[in-house]
Amino acid sequence: MDDKRKELLKGLPKIDEVIGLLGEKGIDEKASREIVLTTCRDVVQKLRDSILTAQDNQLPALSTDAAAARNVEAIIDDLYHYKLKRLVNATGVILHTNLGRAPLCPEAVERIAEVGRGYSNLEFDLAQGVRGLRYDHVSRLICALTGAEDALIVNNNAAAVLLALNTLAENKEAIVSRGELIEIGGEFRIPDVMTKSNSILREVGTTNRTRLADYEKAIGPNTGVILKVHTSNYRIVGFTEEAELVPLVALGKQHGIPVFDDLGSGCLVDLDSYGLQHEPTVREVLATGVDIVSFSGDKLLGGPQAGIIVGKKDVVARIKRNPLNRALRIDKFTLAALEATLMHYLVPEEAPRKLRSLKALTEQLRDVKKRARKLINKLKRTNIPDLTFELREDVAAAGGGSLPTENIPTIVVTIKHAKIPSNRMEAKLRQAAVPIIVRVDEDQILLDLRTVAEDEFGFIVDALRQILAN
Ligand SMILES: *Cc1c(COP(=O)(O)O)cnc(C)c1O
């Protein structure tokens, strides 16, 4: 090792000295001795690594104990800042998986606070004074809304699929069409989930065409389940054919094999009546006599992350008894939020008024435009120099693996700064106190008003002020 490097290593901050300096600054009030010590070690180790790995001509400067102490303190201070933040989704992707999918309705948020604040009857039957089941609180509501015989809620729909397949087809074959072996994103691939559920994938048909006879031929003594998967985020168009659920259900009945439909998004309202393409509602799907249907709580439903399993009583009972269920079970906050969300569906026309994601999906273009005009007016009144705003038509998306071919008309407010390039503006907006997530198109920022509510305008103004003030 060269002398310069040796000298730098010898001059590394001394842990005891750094801790001494931090003690004088009252670090004990902010973190335990163990945390301070490990953070000091990490900081010094990083300095050591940088000395050891730097190119000869890029050796770092000698670091002082005081600089290391400041560094440690900054790292500890940062632990007090929330990393999971609310933000403004101005992307126009309504169910944006990276941005937390569906925002909760106010009632759901209140219920989480109420139930979380104290103890609850999560697993306690108040009428009998004995142990109860956590699902019972919402299963009656779900059954009323879908016509199901029974329901079970788990952590998310991926868990629902895993649990249902493991229950119905462990060491047995699950028959599924080649056109439905989909990837949802975030590593959720149907074939992988099937492997993990210990069921044996039995592919039938072809990518674009699968007939009832293909399923029929595959049925044998080791068949556990017939699986139908909603293709969610993609569509096969052109020369295609798929087996309808009704004859599949009849086929299953004939052979005593349960039929399971993974609906993905799972919709409880008639989207056609809002001018959107038809999505089979959970009630319609169950009316085919299918044994089990699973869907997400935070996609089209517009509630918290959850996996909802509905269907025939005896099949749901088998799934409930699966020990895996314990590992995938739903928590009390999700239950509280789901219960409040589902109540809005009792009068179906109310749901799009009360649930923000459904509202965004079904809102008339003229109302989106009104909101866009209000935002432009508000932005103009801020008199921030060098900014120009315009309004134009564009297309938004449902997202979350829902309605992939639906081009939802929308209105965007474009923002252009005379001196700052848009990709820099985008990055700065992303780092505002309440981050604003936008689209960038040519050299413009686009704020899609379909996913921005009026009570979020203040955040946009604040963010623009923050980033342009310095
Ligand atoms: C989204 C989706 C899932 C996974 O649901 P999560 O709620 O994200 O766990 C499973 N199957 C289908 C068909 C889906 O669209």
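Everything discussed here concerns the structure shown above.
Residues numbered from 1 in each chain as written. Predicted model: local features only at pLDDT ≥ 70, side-chain atom pairs only at ≥ 80, totals over all residues. Heavy atoms only, no water.

Caption draft 1: Up close: the pairing of strand β15 (residues 408-417). β15 sits mainly inside the fold: 8 of its 10 residues count as buried. Bridging between β15 and strand β18 (residues 444-448) involves 4 bridges; their strand directions are antiparallel. Looking at β18, one finds that Val 412 is bridged to Asp 448. (Buried < 20%, exposed > 50% of the residue type's maximum accessible area, 1.4 Å probe, protein only. Helix = DSSP H or I, 4+ residues; strand = E, 2+ residues; numbered from the N terminus. Pairing = 2+ DSSP bridges.)

Caption draft 2: The sheet that holds β15, seen in detail. Ordered in space as β2-β14-β15-β18-β17, the 5 strands form an open sheet in which the pairing is mixed. Strands at the two margins of the open sheet, each flanked by one partner only, are β2 (93-95) and β17 (439-441). With strand direction ignored, the average angle separating the axes of adjacent strands in the sheet is 40 degrees. Of the strand pairs in this sheet, β17 and β18 are connected by 3 bridges, and their pairing is antiparallel. Opposite Val 440, over in β18, you have Ile 445 as the bridge partner. Contacts from helix α17 (residues 365-381) reach β14 (387-399), β15 and β18, with the element oriented near 15 degrees to β15. Packing of helix α18 (residues 422-430) onto the sheet brings it into contact with β14, β15, β17 and β18, and relative to β18 it is tilted by some 45 degrees. (Axes fitted to C-alpha atoms, helices over the stretch in contact; angles between N-to-C directions. Contact = heavy atoms within 4.5 Å.)

Caption draft 3: Just the site of the ligand, in detail. The environment of the ligand is made up of 13 residues, and the closest members are Ala 158, Ser 232, Asp 262, Ser 296 and Lys 299. Between Asn 157 and the ligand, the recorded distance is 3.2 Å, taken from a backbone N or O atom to an oxygen atom. At a separation of 2.8 Å, an oxygen atom of the ligand approaches a polar side-chain atom of Lys 299. Coverage of the ligand by the protein amounts to 95% of the 380 Å² it exposes when considered alone. Those elements that place two or more of their residues in the shell around the ligand are α7 (157-169) and β11 (259-264). Grouping the amino acids of the shell around the ligand by side-chain chemistry returns 4 nonpolar, 6 polar and 3 charged. (Near = heavy atom within 4 Å. Polar contact = N/O pair within 3.5 Å; in protein donor to acceptor, adjacent residues only side chain to side chain. Areas by Shrake-Rupley, 256 points an atom, 1.4 Å probe, with all protein chains shown as cover. Nonpolar A, V, L, I, M, F, W, Y, C, P; charged D, E, K, R; others polar.)

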